[in-house]
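# Breakdown of the fold
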Amino acid sequence: MRHRYLILAATVSAIVLTFSVSMILLAAQGAQTKAPAPAAPAAGRGQAAPAPAATPARGQAAPARGQAAAAAPARPARIAGKPNFNGLWQALTGANWDIQDHSSEPGPFYQLGAILAVPAGQGIVEGNEIPYRPEALEQRKKNRLNRWTADPEIKCYMPGIPRANYMPFPFTIVQGTTTIAFAYEFATANRVVRMTNHQKAPVPSWMGWSNGRWEGDTLVVEVTGNNEQTWFDRSGNFHSDALKVTERFTLRNPDVIDYEATIEDPKTFTKAWKISFPLYRRLERNASQLEFKCVEYTEELIYGHLRKPTN
Amino acid sequence: MRHRFLRTAVVVVIAMAAVSLIAVPIVAQAPRPATKAPAWTPPKTPWGDPDLQGIYTSDDYIGLGMNRAAQYGNRLYFTDEEIAAREKNIEATAARDAVEFATPGGNVGTGPPGHWGERARRSPRQKSLITEPENGQTPALTEEGRLRAAQYTRQGAGTARPEDSWEGYTYYIRCISRGIAGSVIPVIYGNGTEIVQGPGYVAILQEMVHEARIVRLDKSPHTGSNIKTYMGDSRGYWDGNTLVIETKNILGNKTGIGGNGGGTPFSEDAKFTERLTRTDKDTIQYTMRVEDPRTYTAPFTFTFPIRREPGYQNFEYACHEGNHGMMNQLSGARADEKAAAEAARQNR
């Protein structure tokens, strides 16, 4: 036994050593190619490469850090006297599986093993209980049984609010003064929050109609005109077209938003209830919102039975 | 939702365009000098960027072709007489749209009433969307572009009927995307674009197929070239009062400059440069330059104004969620085939 460990340790050391040497050589090479400046001695230790001045590593460094690249405009802490929510955000909860506390369970296809299996998760519902009306609770149980076919996410339908905010995809907030755009990566779903000229929702819609206001430094958004076709999660928590969501966005620090939403739907719930979780700024190098146009991954599922038979 | 009406609507638009062309007297006249945009300074956002925000529509340029009719040569603008004639047509159309009930015994089609679409409120000044090259013609396709065009035509209208599968339809009819160029070119409805700005960002939200483009102004590099998307990766900057947006990394062989992103698909190497300049309180001059040397033998530019109009706003266009048109066309085709097979069996 001991011998095996010894061999293993020796192998690991050899790999680490080789790696380090290569890195030093690479760095030295880099120093030569990138910095042919006259004063570049001691290239042997790879330290001659000058630390690039004001690396635009994120291009959106908060002014607090004072690290913003010279070329990139710094992100102002406030816009017209209000906190600045601009940027790329994402929740890190397992709430899209189930907004309530849940244990782990198998996924829909045993062939995929651990992939798509559901990890345990702490819920985002304050107090964990959702005050369903009795008949609504029956429907919620049915939804759960049918979740692998009935969840609208399967068909790439717009997720609605609040679900769009805690799906495992980032979204961008573009905040002006009279309008604030929320652009979600999933299904290119989006909405514009009206800070002035509030309107009654003109028609029911998937993403609802968002009227916003400031309460001190908190952005409050009332979402009405929601249709009854979206769910809260993959486990069948649902609502009716009487849903009203009141969201509250508060900056905890430049990179974290405390998000809270009050859910009211007298057709489905006996009283209002709340969800809350943090949204984190995506800080990876050049973190960018990409595109997840999932429609084409659902067409075989939706229209497959209508394809012309080949024979 | 309205897809089932698309074909009819497309026919109507083509007919309208044809009628407009015939109705316009062809008056030979020296080309007007391109009028310089009047010196108008747009307001600034609180953080100092030119303010382009609002909801705009390209409706006035509905039906105006990419290419200029050959007889106009290098003449880009309509004459005042031509514009007057076109505006008469617009008035007549508005009067027809206002009719609430069909005349008894009138010729009623199966298409939607005219007012379901969007209409121009005034005549375009230009005779074509394309302004570069000067003759207003889309440059010739390259060899590779011709092959791609042929393949596109075969898929769409050749051997396989589109009804055989959803794959026979365009990415627009499938509610996926109209692509970067197709999303701005005016069509029969859904021409609304909302612009929202924040420090370091511009969001461009297009009603049709609910596109939401995020343009970063932070001088960050484009995302890696192995990441291709329908709408591409956009970075922008201010050139005076003009917002310049550079986009690349689109998925190749998907969308082109035809209506709603149809037509010869671009290659994945295509590069797009858009310029948005607010020329007065209600107007943005929108320009796109296309460089796709694998598809076109020369770069080209098209331009048109987009305008704020009283009462015009964007609504949620839940295209895929309500794509009954696709379901109905496919199921209709299968039902037809079944009926034909049954008839053939009985006739045997």
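Residues numbered from 1 in each chain as written. Chains lettered and ligands numbered in written order. Predicted model: local features only at pLDDT ≥ 70, side-chain atom pairs only at ≥ 80, totals over all residues.

## Focus: the overall build of chain A
The condition is simple: Think of it this way: any DSSP run of H or I at least four residues long counts as a helix, any run of E at least two long counts as a strand, and we number them from the N terminus. With C-beta atoms placed from the backbone, a residue is labelled by how many other C-beta atoms lie within 10 Å of its own: buried for 20 or more, exposed for 12 or fewer, partly exposed between the two. We call two residues in contact whenever the C-beta atoms placed from their backbones are within 7 Å.
Within chain A, the secondary structure is distributed over 4 helices and 11 strands. Considering chain A as a whole, with its 311 residues, one finds that 33% of them fall into the buried category. The contacts of chain A with a sequence gap of at least 6 include a subset with a gap of at least 24, amounting to 53%.

## What about the interface of chain B and chain A?
Basically, it comes down to this: Any residue outside Ala, Val, Leu, Ile, Met, Phe, Trp, Tyr, Cys, Pro, Asp, Glu, Lys and Arg is labelled polar, Gly included; the first ten of those are nonpolar and the last four are charged.
Counting residues at the interface gives 43 residues for chain B and 44 residues for chain A. At the level of secondary structure, the elements contributing two or more residues to the side of chain B that touches chain A comprise β3 (192-198), β4 (201-206), β5 (211-216) and α5 (324-347) of chain B. Tallying contributions element by element places α5(B) first for the side of chain B that touches chain A, with 5 residues. Across the side of chain B that touches chain A, the residue classes tally to 21 nonpolar, 13 polar and 9 charged.

## Quick look at the pairing of strand β10 (residues 300-307) of chain B
Consecutive side chains of a regular strand alternate in pointing toward one face of the sheet and then the other. Going by this rule: Note on pairing: DSSP must find at least two bridges between two strands before they are called paired.
Bridging between strand β2 (residues 130-132) of chain B and β10(B) involves 2 bridges; their strand directions are antiparallel. Across the sheet, the residue bridging to I130(B) is F302(B), located in β10(B).

## Considering the confidence of the model for chain B
Residue and element names in this part refer to chain B. Put simply, the rule is: pLDDT is defined as a per-residue confidence score from the predictor, taking values between 0 and 100.
With 87% of its residues at a pLDDT of 70 or more, chain B shows a mean pLDDT of 88. Under a pLDDT of 50 for its full length, residues 1-33 has, in the predicted model, 44 contacts with residues more than four places off or in other chains. Prediction confidence for the complex, expressed as pTM and ipTM, is 0.83 and 0.87 respectively.

## What to know about the sheet that holds strand β8 (residues 218-224) of chain A
Condition: Axis lines are fitted through C-alpha atoms, for helices just across the contact stretch, and the angle between N-to-C directions can take any value from 0 to 180 degrees.
In spatial order, the strands read β3-β4-β5-β6-β7-β8-β9-β10-β11 (chain A); together these 9 strands close into a barrel with mixed pairing. The mean angle between the axes of side-by-side strands here comes to 30°, regardless of whether they run parallel or antiparallel.

## Digging into unusual backbone geometry
Following I161(A), the chain continues to P162(A) via a peptide bond in cis, the omega torsion being 15°. Summarising the element assignment, P162(A) is placed in the loop between α3 (147-150) and β4 (171-175). The omega angle of the peptide bond from E132(B) to P133(B) is 5°, so this bond is cis rather than trans. Of note, P133(B) is situated in the loop between β2 and α3 (143-157). Phi at A187(A) is positive, roughly 60°, even though this residue is not glycine.

## Notes on the pairing of strand β9 (residues 283-291) of chain B
All names here are of chain B. Bridge analysis of strand β8 (residues 271-280) against β9 gives 9 bridges, and the strand direction is antiparallel. When the sheet's bridge partners are listed, K271 is paired in β9 with E291. Between the antiparallel neighbours β8 and β9 lie 2 residues. Pairing of β9 with β10 involves 8 bridges; the strand directions are antiparallel. The residue bridging T287 from the neighbouring strand is T303, located in β10.

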